[in-house]
There are 2 protein chains.
Amino acid sequence: MPVRIVIPIFDGVTALDAVGPYEVLRMLPEAEVVFAAEAAGPCADGDGSLSLVASAALTDVARADVLLVPGGPGARRRVTDEPLLAWIRRIHATTRWTTSVCTGSLLLGAAGLLDGLEATTHWSAVGQLESYGATYTARRVVEQPGGVVTAAGVSSGIDMALRLAELIAGRTVAEACQLAIEYDPQPPFDSGAYAKASPEVKEYLAARR
Amino acid sequence: MPVRIVIPIFDGVTALDAVGPYEVLRMLPEAEVVFAAEAAGPCADGDGSLSLVASAALTDVARADVLLVPGGPGARRRVTDEPLLAWIRRIHATTRWTTSVCTGSLLLGAAGLLDGLEATTHWSAVGQLESYGATYTARRVVEQPGGVVTAAGVSSGIDMALRLAELIAGRTVAEACQLAIEYDPQPPFDSGAYAKASPEVKEYLAARR
């Protein structure tokens, strides 16, 4: 049975939020992936050095098995974009899995989909996430009843996608996706979670904001 | 001092090979990232569901501090693309770091840059890598004299980029890049390296080729 994965993108998206899980989910048997934006065409990422191309307009998309909402500075700016939020609610009503990566969770929250649920987001967006009625949970991937799954910052979308792959297509297929992208991570340092990072690292990032 | 990072892309690129390290390296102080292709404009990835946009033509690029060559089915097809190989050699002569992710190493190899060196690649491309005079090393990131650094399949480019960030800008900055993308990987299974995957997983992937 085909699996239709819809990934909305926008100017200011963080490319890895979308591309990490895409590389896993596109390998599912009979996967069909649609990148959709306000209008079909290129969307510049938050840095401005890269554009991803949407092949469809949001209004061309009527349903999804998996809705995957990426984050980025553009997601933060769109939490009051009512047409986008209405589209998210409309597609959510058709999905088996409604998911986010990083600050994509703020769009799910602003659309009213996280009220009363546990959820996660990028470590820098916890307060805003909770303003939508969600309870922040410092886990990398948070699964909730109703098929709502949120992932923490940026790279965590890969871990979430592998879990979704298992839920959708079973363990062997999911492990095959992991091997295909050779995801045997060996980060050279252990500074990838807020609780693990040094004061110097946090000061450096704070000064860059 | 600015750090100029050049990422050549092409039809058939694996998007994550490029986007994973991009999200790390673009955060280096004074980073300037250029995605370049035969002609400026969109390049369809190997799956065909996503295009990345090159902002420059290869011929517009004269030098790089970091050359990062991604892989994908399009890389395998381009190992006899003499203009591309000549461009890689020309840019390599200007770099401090010449690097590859996944089967991007085949392009470095075909360009003659890996002869006599240790290198790595996607697990499915070992024989071809060695045909260029490289000695395959089953490590995730392989650093060689002369600033040649190769990474294993797809997702390994993130680990490589964090190591490059440390070499270029020091440990605190590199750890800040790791925290910014919340790279605290927690894969739900342990099937990300060929030596770890089950016979069923290998059979499944072999049948899909």
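Our structure's up above, just so we're on the same page.
What you see is a predicted model, and the numbers here were worked out from it, not measured in a lab.

## Points about unusual backbone geometry
Despite not being glycine, Cys102 of chain A has its phi angle at roughly 60°, a positive value. Mapped onto the elements of the fold, Cys102 of chain A is located in the loop between β7 (97-101) and α4 (104-110). Looking at Cys102 of chain A, the relative accessible area reads 5%, which means it is buried. Positive phi, close to 30°, is recorded for Val154 of chain B, a residue that is not glycine. Locating Val154 of chain B in the fold gives a position in the loop between β11 (148-151) and α6 (156-169).

## So, the relation of the copies chain B and chain A
Each copy superposes on the other: chain B lies on chain A with an RMSD of 0.0 Å after a rotation of 180° and an axial shift of 0.0 Å. The superposition operator between the copies reduces to a two-fold rotation axis. Using C-alpha coordinates, one finds that chain B approaches the rotation axis most closely at Leu52 of chain B, a distance of 2.5 Å. Take the interface residues of chain B: 100% of them recur as interface residues in chain A, which is what a same-surface contact looks like.

## Let's talk about the pattern of salt bridges
Residues and elements named next belong to chain A. Evaluated as defined, the whole model comprises 24 salt bridges over all chains. Residues Glu166 and Arg163 are paired through a salt bridge, measuring 3.0 Å at the closest nitrogen-oxygen approach. Highlighted residues: Glu166 and Arg163, both in helix α6 (residues 156-169), separated by three residues, approximately one helical turn. We classify Glu166 as partly exposed; its relative accessible area is 21%.

## Thoughts on the interface of chain B and chain A
In many analyses, interface size is given as the accessible surface area lost on bringing the parts together. Residue-level contacts link 66 residues of chain B with 66 residues of chain A. Considering only the side of chain B, the residues that lose the most area to chain A are Leu179, Glu182 and Phe189 of chain B, jointly responsible for 15% of the buried surface there. Summed over the shared surface of chain B and chain A, the result is four salt bridges. Across the salt bridge formed by Asp184 of chain A and Lys196 of chain B, the nearest N and O atoms sit 2.7 Å from each other. On the surface where chain B and chain A come into contact, there are 41 residue pairs in polar contact (both at pLDDT 80 or more).

## Description of the sheet that holds strand β4 (residues 51-54) of chain A
If you walk across this open sheet you meet the four strands as β3(A)-β4(A)-β4(B)-β3(B), and the pairing is antiparallel. The strands lining the two open edges of the sheet, one partner per strand, are β3 (41-44) of chain A together with β3 (41-44) of chain B. Within this sheet the neighbouring strands show an average axis-to-axis angle of 40°, counted without direction.

## Observations regarding the environment of Thr103 of chain A
All names here are of chain A. Tracing the sequence through the fold places Thr103 in the loop between β7 and α4. We classify Thr103 as buried; its relative accessible area is 1%. With 27 residues separating them along the chain, Thr103 and Arg76 place their C-alpha atoms 6.8 Å apart.

## Examining the packing of aromatic side chains
Enumeration according to the criterion identifies four aromatic pairs over all chains in this entry. Arranged with centres 5.1 Å apart and planes meeting at 70°, the rings of Tyr22 of chain B and Phe35 of chain B form a pair that is edge-to-face. Here Tyr22 of chain B, found in helix α1 (residues 15-25), pairs with Phe35 of chain B, found in strand β2 (residues 31-37); they are 13 residues apart in sequence, far enough to count as distant. The burial state of Tyr22 of chain B is the same as that of Phe35 of chain B; both residues are buried. Directly above the ring of Tyr194 of chain A sits Lys202 of chain A, whose terminal nitrogen or CZ lies 4.2 Å from the centroid.

## Examining the pairing of strand β10 (residues 141-144) of chain B
Two strands pair when backbone bridges link them, and β10 of chain B and β11 of chain B are joined in this way by four bridges, in the antiparallel orientation. When the bridges of β11 of chain B are listed, Glu143 of chain B appears paired with Val149 of chain B.

## Notes on helix α1 (residues 15-25) of chain A
Two residues of an α-helix separated by three or four positions point the same way, owing to the 3.6 residues in each turn. When you tally the buried positions in α1 of chain A, you get 11 out of 11 residues, the bulk of the element. Here α1 of chain A has its buried residues at Ala15, Leu16, Asp17, Ala18, Val19, Gly20, Pro21, Tyr22, Glu23, Val24 and Leu25 of chain A.

## Details of the pairing of strand β4 (residues 51-54) of chain B
Taking every second residue as pointing to the same face, both faces of β4 of chain B are buried, with Ser51 and Val53 of chain B on one and Leu52 and Ala54 of chain B on the other. Bridge count between β4 of chain A and β4 of chain B: three bridges; the pairing is antiparallel. For Leu52 of chain A, the partnering residue across the bridge sits in β4 of chain B and is Leu52 of chain B. Alignment of β3 of chain B against β4 of chain B, held across four bridges, turns out to be antiparallel. Across the sheet, Pro42 of chain B pairs through a bridge with Val53 of chain B, a residue of β4 of chain B. Linking two consecutive strands that pair antiparallel, namely β3 of chain B and β4 of chain B, is a turn of six residues; a positive phi of about 95° is found at Gly48 of chain B within it.

Rules of the game
Residues numbered from 1 in each chain as written. Chains lettered and ligands numbered in written order. Predicted model: local features only at pLDDT ≥ 70, side-chain atom pairs only at ≥ 80, totals over all residues. Heavy atoms only, no water. Helix = DSSP H or I, 4+ residues; strand = E, 2+ residues; numbered from the N terminus. Buried < 20%, exposed > 50% of the residue type's maximum accessible area, 1.4 Å probe, protein only. Least-squares fit on C-alpha atoms with pLDDT ≥ 70 in both. Contact = heavy atoms within 4.5 Å. Salt bridge = Lys/Arg side-chain N within 4 Å of Asp/Glu carboxyl O. Buried area = accessible area lost by both parts, 1.4 Å probe. Polar contact = N/O pair within 3.5 Å; in protein donor to acceptor, adjacent residues only side chain to side chain. Pairing = 2+ DSSP bridges. Axes fitted to C-alpha atoms, helices over the stretch in contact; angles between N-to-C directions. Phe/Tyr/Trp six-rings, centres within 6.5 Å; stacked < 30°, edge-to-face > 60°. Lys NZ or Arg CZ within 6 Å of the ring centre and 35° of its normal.

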